[in-house]
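Working through the structure, step by step
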Amino acid sequence: MPATPAWPPESAPRLFVDSELADGQELRIDGGQAHYLISVMRLKQGEAVKLFDDRTGEWLAEAIAIGKRDLILKATARLRDREAVPDLWLCAAPIKKGRVDWVAEKACELGVGRLVPVLTRRTVIDRVNTERLRAHMIEAAEQCGRTALPEMAEPVKLAMLLKDWPADRTLFFADEEGGAPAFEAMRAHSGPAAILVGPEGGFDDEERAAIRALPQAVGITLGPRILRAETAAAAATSVWMAAAGDWKDT
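What comes next concerns the included structure. Within every chain, residues take consecutive numbers counted from 1 along the sequence as written. Reporting of local features is limited, given that this is a predicted model, to residues whose pLDDT is at least 70; pairs of side-chain atoms are given and counted only at 80 or more, and all residues count toward the totals for whole chains, interfaces and linings. Note that the side-chain values use all heavy atoms of the structure and ignore hydrogens as well as water.

**Quick look at the pattern of salt bridges**
In a structure, side chains of opposite charge can pair up when their charged atoms sit close to one another. To keep things clear, this is the line we draw: Here, a salt bridge means any side-chain nitrogen of Lys or Arg that lies within 4 Å of a carboxyl oxygen of Asp or Glu. Segments assigned H or I by DSSP are reported as helices when at least four residues long, segments assigned E as strands when at least two residues long, and all are numbered from the N terminus. A simple rule labels every residue: compare its accessible area, found with a 1.4 Å probe on the protein chains alone, to the largest value its type can have, and call it buried under 20%, exposed over 50%, or partly exposed in between.
Counted according to the given criterion, the structure contains 24 salt bridges. One salt bridge connects Asp-70 with Arg-28, and the closest N-O pair in it is separated by 3.0 Å. Note that Asp-70 is positioned in the loop between strand E4 (58–66) and strand E5 (71–80) and Arg-28 in strand E2 (residues 26–29), a separation of 42 residues in sequence. The exposure class assigned to Arg-28 is exposed, which follows from its relative accessible area of 53%. Close ionic contact of Arg-228 with Glu-230 constitutes a salt bridge, the shortest N to O distance being 2.6 Å. The exposure class of Glu-230 is buried, given its relative accessible area of 6%.

**With respect to the packing of aromatic side chains**
Just so we agree on the cut-off: Aromatic pairs are defined between Phe, Tyr and Trp rings, using the six-membered ring for Trp, whenever the two ring centres lie within 6.5 Å; interplanar angles under 30 degrees are classed as stacked, those over 60 as edge-to-face, and all others as tilted. Put simply, a charge is over a ring when the Lys NZ or the Arg CZ is close to the ring centre, within 6 Å, and near the line of the ring normal, within 35 degrees.
On inspection of all chains with the given rule, the structure shows two aromatic pairs. Note on Phe-16 and Phe-52: the rings are 5.4 Å apart at their centroids and 55° apart in plane angle, and the pair reads as tilted. In this pair, Phe-16 is assigned in strand E1 (residues 14–16) and Phe-52 in strand E3 (residues 48–52), connecting sequence segments 36 residues apart. You can call Phe-52 buried: its relative accessible area is 0%. Ring geometry for Trp-89 against Trp-165: centres 5.6 Å apart, planes inclined by 75°, an arrangement best described as edge-to-face. Of this pair, Trp-89 sits in strand E6 (residues 88–92) while Trp-165 sits in the loop between helix H4 (158–163) and strand E10 (170–174), placing them 76 residues apart in sequence. Take Trp-89 and Trp-165: they sit in the same class, and that class is buried. When the ring centre of Trp-89 is taken as origin, the NZ or CZ atom of Arg-114, which lies over that ring, is 4.7 Å away. It is Arg-169 that lies over the ring of Trp-89; its NZ or CZ is 3.9 Å from the centre.

**Observations regarding the nonpolar core**
As a reminder, the rule being used: Side-chain atoms within 4.5 Å are what join buried Ala, Val, Leu, Ile, Met, Phe, Trp, Tyr and Cys residues into a set we call a nonpolar core.
Of all hydrophobic cores here, the largest spans 37 residues; its most connected members are Leu-90, Phe-172, Ile-195 and Trp-240. Only E6, helix H2 (99–110), helix H3 (130–144), helix H5 (182–188), strand E12 (193–197), strand E13 (217–221) and helix H7 (229–243) provide two or more residues apiece to this core. By residue number, the principal contributor to this core is H7, which donates seven residues.

**Notes on the environment of Glu-26**
Going by this rule: Residue contacts are defined here by distance: any two heavy atoms, one from each residue, within 4.5 Å place the two residues in contact.
Tracing the backbone shows Glu-26 in strand E2. Since its relative accessible area comes to 52%, Glu-26 is described here as exposed. With residues near it in sequence (within four places) discarded, Glu-26 still touches Ile-64, Ile-72, Leu-73 and Lys-74.

**Quick notes on the side chain of Glu-142**
Here is the rule we go by: Charge assignment in this entry is limited to Lys and Arg as positive and Asp and Glu as negative, and neither His nor the chain termini are counted. The definition of a polar contact used here is a pair of N or O atoms within 3.5 Å, where within protein one atom must be able to donate a hydrogen and the other to accept one, and adjacent residues in sequence count solely through side-chain atom pairs.
Summarising the element assignment, Glu-142 is placed in helix H3. Buried and unpaired, Glu-142 has Arg-14 as its nearest opposite-charge partner, separated by 7.2 Å. Within the structure, Glu-142 has its side chain in polar contact with the backbone nitrogen of Phe-16 (distance 3.0 Å). Not counting residues up to four positions away in its chain, the partners in contact with Glu-142 are Arg-14, Leu-15, Phe-16, Gln-33 and Phe-52.

**Section: the pairing of E4**
Short version of the rule: In this description, strands pair whenever DSSP reports at least two bridges between them.
Across five bridges, E3 lies against E4 in antiparallel orientation. Bridging from a neighbouring strand, Ala-48 pairs with Glu-62 of E4. Hairpin connection of E3 to E4: five residues between the antiparallel strands, including Asp-54 at a positive phi of 65°. Looking at chain direction, E4 and E5 are connected through eight bridges and run antiparallel.

**Considerations on the environment of Glu-139**
Looking at where Glu-139 falls in the secondary structure, it is placed in helix H3. Separated by 47 residues in the primary sequence, Glu-139 and Met-186 place their C-alpha atoms 29 Å from one another.

**Details of the side chain of Asp-101**
The residue Asp-101 is located in helix H2 in this model. Reaching out from Asp-101, the side chain makes a polar contact with the side chain of Arg-132 at a distance of 2.9 Å. Contacts of Asp-101, omitting those with residues within four sequence positions, involve Arg-132, Leu-133 and His-136.

Quick look at the structure:
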């Protein structure tokens, strides 16, 4: 593997490509990504772009041909391997458009391994655009220098999520009726984990009872203040990263 070059500068544009990269590989970029590079960034032939593929890491590429609506990039050196991702799922009830997009962005930025939309009785939307959520995660990864993306799962009803729950994965759920302090609970349980956050109206009594009946479930509290659903998702993820994830090693 060639030595990591000191160039390009950190200001080089950065893009996700959904194909495995390799040294010397040429890629045709079109559509919105081409518009961004050609019209917004004013990329010139010979200039650098950083690419990542969620498989092999981050690569340095050079613009070798630029047209009006597309361009050709050539991968010239691998800059970084794909980052290690903590084994954490964020299982969150979909909330209103805009706010659920924010949850997807922050899940990526904070290092979640898998995002799972969970349909509950009080979920206010019944249709989840997973392609749009994935696009928001990609944009967040591009901007934040990440080399890995969370897996985007298909929406699942809460009953099915619990029915098929893995035996070796702890499920921390934000319980409006109280639970163990989140940091202490998360620090005490190592290994694969997930965080379950309900909708704006919370879980109903029957749902809460079903969650508590799961042997792997641990009810947690996120402090004395009432949090909106999206804030609870980000807060719980941050606490887990500090207590049991990769933040504790930095």
